[in-house]
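A closer look at the structure
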Amino acid sequence: MKKYIKTICCIGAITVLAALGSCKKYLDREPGSIISSDEAFKNFSNFQGFTEELYQCIPDFTNAYWTNSWNWGEDEIQSTAQSFHFIVKVDNGDFWGWQRGFDSWGAGFMDGYSWNTGNDRMTKKLWPLAWYGIRKCNLGLENMDKLTDATPEERDLIKGQLLFFRGWFHFMLIQYFGGLPYIDKVLPSDEKLMLPRLKYQECADKAAADFRAAADLLPLNWDNTVAGQRTAGKNQLRINRIMALGYLGKNYLWAGSPLMNGESTGNASYNTEYCKKAAAAFGELLNYTESGQVKNGSQTYGLLAFSNYYKNFYTNFENWAMPGTGVGLNNAAAIEAIFRGPYWSANSSNYGTSRQYQPQFLIGEGEVKFFPTANYVNYYGMANGLPINPANSASVADAASGYDPQYPWKGRDPRFYNDIIYDGCKMVEAGIPNPSEEKYRYATLYTGGDYRVPITTSSRTGYLLFKFIPRTGNKYDLGTSYNKSLNVHLPYMRLADVYLMYAEAASEGYNAPTGKDPSFNKTAVDAINVIRDRAGVGHVAAQFLASQDAFRNEYRRERAVELSFEGHRFNDLRRWRLLIQRPYTLKTSLEFDRSGTFSTSNSKNNKVANLREQVILERQFSEKHYWLPLRNVDVMLYAEFPQNPGW
């Protein structure tokens, strides 16, 4: 029987029946748009063209709207001018806000009023595109037998990509919603859906099988394959073995975490066997990258030098170059980005994302701002590697670390100075034509300072976040055009994240800070110190190596600092079962007065007085908030697909 492939088929398992009702009219196509499956899948070129659309299903969470919310833990707070972003809804305990029916602006990257696989960044939505992508993967896998005009290498490349994406889309969904049906075949559109929700670990095991198979099929570097030579120099985003191993490890670590283990077994502690599997996957990946020989395109995988740290997140004056590569620790070109999606609008950072971090008077427009909370900034310890104090409070002196609340900016972790704008930082280099605006040259973030009022456009917390934009990105230094080559684009996973996940997995799997996977030469604490060495921070102190409980607090703090504001904190707090516990429910501001002579040349050494933290809000969470609610239109489809508890 002759079969046909309809190129814009949108049957995506559960979602589509609810979203589209009957697909018949939607799928009616002009005859010219319908090609036979024999033609679509007959050779590598055609089949790769089919597979390429999966890359179009990766949401760009940093540029999904004009302003973008992706930090939903205790790390960030939004200005009060608007309330449509999901972060505000999370603060109010309203987790329904991820859904398009509860977001009247369609601003979120998880769901929206419109979605497609084209080139519009604002229509890249995780929930619908994941189901669409899963079906597409299954459609491709079920037609592998039609790939007759291909070499074994070409077949492996196609199958490896399809398996990776099937695992990735499922992983991205279950980390938010818990166990779901694992769709590993094309579901007929004319049959009743009956697939039950699986336990989290059941889903994770199936995803792990896909990731493992993908890793075994895919190359380390597409440019080194015969098929990849046809697009040499343009293969950096194509799925390779390193990416598959990264998500194999992450999938296992999440499955072994307290929340997911509790959902699956009733035991809300770490599952050591899953953690060991995670450590093994990460160790395999790191063995490759630490060899210094594994490349993605022309760049060798490795950590970027701290002087190039910003290039993990943005590029500037580089003709819209994709962030993620730069000068490595060995002074050669390196790539730290492991997995990232394509971007579609080169100017989207200029007139959206970049402006959400600055007070309105520095850029001339914009109401929605995002500020780092004072309680989160407290995780940034001292340059000697110690936390500011055991209580994680900026107002408490600590002789052991050398932290002094009269000089709160002195001697801090170098990443603090890279990421955070504090009182006295120079913000404008150029001349300021209007004398009345000269007061904006230096950040006035003390209580009552110009950078603190009015509250709707200025800092609510006493800090600003500049991890993802240059300090010169303002109307004075760059003019109203605001530097038309600034490109903000965060990766989903980077190499530093892999080191820190390895540290967690190895220590929890082997119950010691010195735990390690047998195939990798670094212990858990070694992995953390690799990251600290890059930033010039002291190693993990002996006091945190006495027990796994002590070490757990420190590796979690390290993860909070190194991966700050990159979209990890919300899921970390959830999987650690900390989201609903104090102090993680608090968001605070830092209040203080300037004291003594204020230095404009050395802001780190400025003295303050009356330093204290004030609670801005406390989030009222309960057990139900550990999982996001599913769409009611989906859970009403059939009894075996129930809503998450409490929703």
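These remarks concern the structure in this document. Only a predicted model underlies this, so the values are computations on that prediction, with no experimental measurement involved. Along each chain, residues carry numbers from 1 onward, in the same order as the chain's sequence is written. Selection of residues for local features in this predicted model requires a pLDDT of at least 70, selection of side-chain atom pairs for listing and counting requires 80 or more, and totals for whole chains, interfaces and linings are taken over all residues. Hydrogens and water molecules were not included; the side-chain quantities draw on all heavy atoms of the structure.

Attention now moves to the packing of aromatic side chains. When two rings of Phe, Tyr or Trp (its six-membered ring) have centres within 6.5 Å they constitute a pair, described as stacked for plane angles under 30 degrees, edge-to-face for angles over 60, and tilted for the intermediate range. Using the criterion set out here, one finds 61 aromatic pairs in the structure. Ring centres 5.9 Å apart and planes at 70° place the aromatic pair tyrosine 65 and phenylalanine 84 in the edge-to-face group. Residue tyrosine 65 is located in the loop between α3 (44-52) and β3 (76-78), and its partner phenylalanine 84 is located in the loop between β3 and α4 (86-91); the two are separated by 19 residues in the primary sequence. The exposure classification of tyrosine 65 matches that of phenylalanine 84, with both residues buried. Geometrically, the ring pair formed by phenylalanine 551 and tyrosine 555 is edge-to-face, given 5.7 Å between the ring centres and 65° between the ring planes. Taken together, the residues phenylalanine 551 and tyrosine 555, both in helix α17 (residues 548-562) and 4 residues apart, mark about one turn of the helix. Under the scheme used here, helices are H or I runs from DSSP no shorter than 4 residues and strands are E runs no shorter than 2 residues, and both carry numbers assigned from the N terminus. Partly exposed describes any residue whose relative accessible area lies between the buried limit of under 20% and the exposed limit of over 50%, with all areas from a 1.4 Å probe on protein chains only and scaled to the type maximum.

Moving on to the nonpolar core. Throughout, nonpolar core names a set of buried Ala, Val, Leu, Ile, Met, Phe, Trp, Tyr and Cys residues whose side chains join them through atoms within 4.5 Å. Judged by nonpolar contacts, the single largest core of 186 residues is most densely connected at Phe164, Trp168, Phe177 and Phe339. With 14 residues, helix α6 (residues 152-177) is the single largest residue contributor to this core. Once you skip the residues sitting within four places of it in the chain, tryptophan 168 turns out to touch Ile58, Pro59, Phe211, Tyr247, Phe339 and Tyr492. By definition in these notes, contact holds between two residues if any of their heavy atoms fall within 4.5 Å.

A fitted line through C-alpha atoms represents every axis, and for helices the fit uses only the stretch in contact; the resulting angles, taken between N-to-C directions, go from 0 to 180 degrees. Relative to each other, helix α7 (residues 200-217) and helix α8 (residues 241-256) sit at 165°, their axes nearing to 9 Å. As summarised for this structure, α7 and α8 are arranged roughly antiparallel, according to the angle between their axes. As for the relative orientation of α7 and α8, their crossing is left-handed in sense. Where α7 approaches α8, its residues Tyr200, Gln201, Ala204, Ala207, Ala208, Phe211, Arg212, Ala214 and Ala215 are matched on the opposing element by Arg241, Ala244, Leu245, Tyr247, Leu248, Asn251, Tyr252, Trp254 and Ala255. Oblique is the label for any angle not covered by the other classes, which are roughly parallel (under 35 degrees), roughly antiparallel (over 145) and roughly perpendicular (65 to 115). Each helix crossing is assigned a hand: it is left-handed if the near helix lies turned anticlockwise from the far helix by less than a right angle, otherwise right-handed if that turn is clockwise.

Another point: the pattern of salt bridges. For this document, the term salt bridge refers to a Lys or Arg side-chain nitrogen within 4 Å of an Asp or Glu carboxyl oxygen. For the coordinates displayed, the defined rule picks out 40 salt bridges. Of the charged contacts in the structure, one is a salt bridge between aspartate 91 and lysine 587, with a shortest N-O distance of 2.9 Å. Separated by 496 residues along the polypeptide, aspartate 91 in helix α4 and lysine 587 in strand β15 (residues 586-595) bring together distant segments of the chain. Here the two residues aspartate 91 and lysine 587 agree in accessibility, since each one is buried. Taken together, the salt bridges that share partners define one network made up of Glu336, Asp413, Arg415, Lys467, Arg494, Arg532, Arg534, Glu554, Arg557, Glu558, Glu562 and Glu566.

Now for the packing of helix α5 (residues 126-141) against α6. In the contact formed by α5 and α6, the axes pass within 9 Å of each other and the chain directions differ by 150°. The angle between the axes of α5 and α6 places the two elements in the roughly antiparallel class. When you trace α5 past α6, the crossing you get is left-handed. Together, Leu126, Trp127, Leu129, Ala130, Trp131, Gly133, Ile134, Cys137, Asn138, Gly140 and Leu141 of α5 and Lys159, Leu162, Leu163, Phe165, Arg166, Phe169, His170, Met172, Leu173, Tyr176 and Phe177 of α6 make up the contact between the two elements.

This part is about the environment of isoleucine 531. The topology assignment puts isoleucine 531 in helix α16 (residues 524-535). Put simply, isoleucine 531 and phenylalanine 598 are 67 residues apart on the chain and 34 Å apart in space, counted from C-alpha to C-alpha. Not counting chain neighbours up to four residues away, the residues in contact with isoleucine 531 comprise Leu303, Arg415, Ala496, Tyr499, Leu500, Glu558 and Glu562.

Another aspect to go through is the sheet that holds strand β5 (residues 299-301). For two strands to pair, DSSP has to find at least two bridges joining them. Ordered in space as β4-β5-β8-β7, the 4 strands form an open sheet in which the pairing is mixed. Of all the strands in the sheet, just β4 (295-296) and β7 (325-327) have a single pairing partner and so form its edges. Here β5 pairs with strand β8 (residues 333-335) via 2 bridges, running parallel. Counterpart to threonine 300 in the pairing with β8 is alanine 334.

Turning to the side chain of asparagine 389, a few remarks are in order. Among the structural elements, asparagine 389 can be located in the loop between α12 (374-377) and α13 (414-419). What qualifies as a polar contact is a pair of N or O atoms within 3.5 Å, subject to a donor-acceptor requirement within protein and to the restriction that residues adjacent in sequence count only when both atoms come from side chains. There is a polar contact of 2.7 Å between the side chain of asparagine 389 and the backbone nitrogen of asparagine 392. Those residues in contact with asparagine 389 that sit more than four places away from it in its chain are Val396, Asp398 and Tyr403.

Our next topic: helix α9 (residues 258-265). Every buried residue belonging to α9 is among Pro258, Leu259, Met260, Asn261 and Ser264, and all of these are buried. Count one or two residues on from α9 and you reach glycine 266, which has phi positive near 85°.

This part covers the side chain of glutamine 78. In this structure, glutamine 78 sits in strand β3. Its relative accessible area of 2% is what places glutamine 78 among the buried residues. At a separation of 2.8 Å, a polar atom in the side chain of glutamine 78 contacts the main-chain carbonyl oxygen of glutamine 82.

For the bond running from arginine 582 to proline 583, omega is 5°, close enough to zero to count as cis. As for its placement among the helices and strands, proline 583 is situated in the loop between α18 (569-575) and β15. Positive phi is not limited to glycine here, since phenylalanine 317 has a value of about 60°. Note on placement: phenylalanine 317 falls in the loop between β6 (314-315) and β7. Phi at phenylalanine 565 is positive, roughly 65°, even though this residue is not glycine. Looking at the element boundaries, phenylalanine 565 is found in the loop between α17 and α18.

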